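Each chain, written out:
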Amino acid sequence: MALDLIQSIHNGLPLPHGSVQHELVRGTYDYWHYLCDQLDDRGWGCGYRTLQTICSWTSNQLRLREQPSPHVPSIPEIQHILVKLGDKEAEYVGSREWIGSFEICLIIDHVYSVPCKILHVSGGVQELESHAEQLLDHFMKYGSPVMMGGSTDTSSKAILGVARSDDGLHLLVLDPHFVGKGSAKKIQEENWIKWRHVSSFTDTTFYNICCPLLKAR
């Protein structure tokens, strides 16, 4: 089934006020979100959708290299792969169990042979800000989208860029919880993609950030 997905919806989004440095994802990706393939994953599928967005970018990059570029796996296919790899038990297939940064690393490595690095933020906005500096370096060197998931902040999200402004660091967050159809303009206006100052993140959670180590072309 051909899907009508929006590509690279961050294009044209203004930078944070007073931005003096920024690095963004390089290359095209598709915006995967709740119900985009008619599978109703509301309430549990945000990690899968963030993974699929990153997979679309990875597949496009491999295609540019004229290397094998496997398709973006569906949620059932992702579940079967995790069982095959021994990360999940057989009853996981067909469940609504969430996935996080570790599972995303496993899938990207298995499907695309692309390794990932996990940045662990043990807690606190101040530590997240120090890791945001590493994210800035990541986008400078690789330009690949990353996944961010937390303990009490359970909403998986893609990070597509980092900006430094007069008031600190901002992350460009792509939210997979959107339901429906719309243009990039609508997605931006409804803040499904937006710049967030690091101080807006939960201060009482840890975060794991999965960074694919594939350089953009």
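Residues numbered from 1 in each chain as written. Predicted model: local features only at pLDDT ≥ 70, side-chain atom pairs only at ≥ 80, totals over all residues. Heavy atoms only, no water.

As annotated in an unreviewed UniProt entry, the protein carries the name Ufm1-specific protease 1-like isoform X4 and comes from Priapulus caudatus.

Looking only at helices and strands, one finds five helices and seven strands in the protein. Listing every helix and strand of the protein by position from the N terminus yields β-α-α-α-β-α-β-β-β-α-β-β. For 217 residues, the compact-globule estimate of 2.2 N^0.38 gives 17 Å, and the protein sits close to it at 16 Å. Projected onto the principal axes, the alpha-carbon positions of the protein cover approximately 50 × 35 × 35 Å. Evaluated residue by residue, the protein yields a buried proportion of 51% over its 217 residues. Long-range contacts, defined here as pairs at least 24 residues apart, represent 68% of the contacts in the protein between residues at least 6 apart. In the form shown here, the protein has an accessible surface area of approximately 9900 Å², with 51% of it arising from carbon and sulfur atoms. Distance from the positive charge centre (19 side chains) to the negative charge centre (25 side chains) of the protein: 5 Å. (Helix = DSSP H or I, 4+ residues; strand = E, 2+ residues; numbered from the N terminus. Rg over C-alpha atoms; globule rule 2.2 N^0.38 Å. Buried < 20%, exposed > 50% of the residue type's maximum accessible area, 1.4 Å probe, protein only. Contact = heavy atoms within 4.5 Å. Areas by Shrake-Rupley, 256 points an atom, 1.4 Å probe, with all protein chains shown as cover. Lys, Arg positive; Asp, Glu negative; His and termini not counted. Charge placed at Lys NZ, Arg CZ, Asp CG, Glu CD.)

Attention now moves to helix α1 (residues 46-64). Counted at 1.5 Å a residue, the expected span for α1 with its 19 residues is 27 Å, and the 28 Å between its end C-alpha atoms agrees. With 17 of 19 residues buried, α1 lies mostly within the body of the structure. After α1 finishes, the residue E66 shows a positive phi value of roughly 60 degrees. (Expected span 1.5 Å × (residues − 1).)

Here the focus is the packing of α1 against helix α3 (residues 101-112). Here α1 crosses α3 at 30 degrees, and the two axes come no closer than 11 Å. Between α1 and α3, the angle is such that the two are roughly parallel. Our pair here, α1 against α3, has a crossing hand that is right-handed. Residue-level inspection shows G47, L51, I54, C55, T58, S59 and L62 of α1 in contact with α3, the latter providing I104, I107, I108 and Y112. Of the residues in the contact of α1 with α3, the class split is eight nonpolar, three polar and no charged. (Axes fitted to C-alpha atoms, helices over the stretch in contact; angles between N-to-C directions. Parallel < 35°, antiparallel > 145°, perpendicular 65-115°, else oblique. Left-handed = near helix turned anticlockwise from the far one by under 90°. Nonpolar A, V, L, I, M, F, W, Y, C, P; charged D, E, K, R; others polar.)

Glancing now at the packing of aromatic side chains. In total, this model carries four aromatic pairs according to the counting rule given. Considering the side-chain rings of W44 and Y48, the 5.8 Å spacing of their centres and the 80 degrees angle between planes classify their relative orientation as edge-to-face. Overall, W44 belongs to the buried group, its relative accessible area being 8%. Ring centres of F201 and Y207 lie 6.1 Å apart, and the angle between their planes is 90 degrees; this geometry places the pair in the edge-to-face category. Here the two residues F201 and Y207 agree in accessibility, since each one is buried. Taken together, the ring pairs in this structure connect Y31, F178 and W192 into an aromatic cluster. It is K88 that lies over the ring of Y92; its NZ or CZ is 5.4 Å from the centre. For R196, the ring lying beneath its charged end belongs to F201, and the centroid distance is 4.0 Å. (Phe/Tyr/Trp six-rings, centres within 6.5 Å; stacked < 30°, edge-to-face > 60°. Lys NZ or Arg CZ within 6 Å of the ring centre and 35° of its normal.)

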